[in-house]
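# Observations on the three-dimensional arrangement
Now for the letters of each chain:
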Amino acid sequence: MTITSTALSLNVADVDASAAWAQRHLGFTVAMAADGFCSLEHPEAGVNLIYLRTGLASFKPASVAGPADGVLVVFTVDDIDRDYARLQDDGVEVVTPIETEPWGERYFQMADPNGVVYQLVQWVAPTDPQYAG
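Residues numbered from 1 in each chain as written. Predicted model: local features only at pLDDT ≥ 70, side-chain atom pairs only at ≥ 80, totals over all residues. Heavy atoms only, no water.

## Focus on the side chain of D83
Put simply, the test is: Secondary structure elements follow DSSP: runs of H or I of four or more residues count as helices, runs of E of two or more count as strands, with numbering from the N terminus. Only protein chains enter the accessibility calculation, which uses a 1.4 Å probe; a residue is then buried when its area is under 20% of its type maximum, exposed when over 50%, and partly exposed in between.
Mapped onto the fold, D83 is located in helix α2 (residues 80-89). When its relative accessible area of 10% is taken as the criterion, D83 is described as buried.

## Quick word on the UniProt feature "domain: VOC" (unreviewed entry) in the chain
The cut-off we apply is this: UniProt positions are given in the numbering used here, feature names are shortened, and annotations may be inferred rather than shown by experiment.
The feature "domain: VOC" (unreviewed entry), as given by UniProt, occupies residues 2-123 in the numbering adopted here. End C-alpha atoms of residues 2-123 are separated by 29 Å, and the span's content is 18% helix alongside 41% strand.

## Here we look at the nonpolar core
The condition that has to hold: In this text, buried Ala, Val, Leu, Ile, Met, Phe, Trp, Tyr and Cys residues form a nonpolar core when linked through side-chain atoms within 4.5 Å. An automatic or database domain assignment provides the domain bounds reported here. For this analysis, residues touch if any pair of their heavy atoms sits within 4.5 Å.
Ranked by size, the top nonpolar core spans 25 residues in total, and within it L40, L49, Y51, F75, M110, Y118 and L120 carry the most contacts. Of all the secondary-structure elements, those providing two or more residues to this core are β1 (7-12), α1 (15-26), β3 (37-41), β4 (48-53), β5 (72-76), α2, β7 (105-111) and β8 (117-123). In terms of residue count, α1 provides more of this core than any other element does, five residues in total. Counting residues domain by domain, this core receives three or more from each of domain 1 (1-55) and domain 2 (71-132). With residues near it in sequence (within four places) discarded, L120 still touches F75, V77, I80, D83, L87, R106, Y107, F108 and M110.

Written as structure tokens, this is what we have:
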């Protein structure tokens, strides 16, 4: 198998709201869009974000056509503190304030207008010796 690209498809009630949020706050741009559909790309993310309006008749399989519940979209960044400050200044809804796990995962989580949770993470030196390599 040769994988040529990667996309994450998220079902949301308001496609335009999530797409605008990802463009404004995460730097994505529109690759394609139609009624109830938007595909966003980012030159550094390695993945396209696709938003599909819940309830689209064309969505298959119907068993997963509901909202994107329980999904965590994670991006690794190079300066978590800068991004945290910028996004707070932008008024982004932070659902988990910035913290550092003992194994070296420094992160915070935020939600878009449809409640999709995004996590930005930066890997730092572990604070607990059991995780030091």
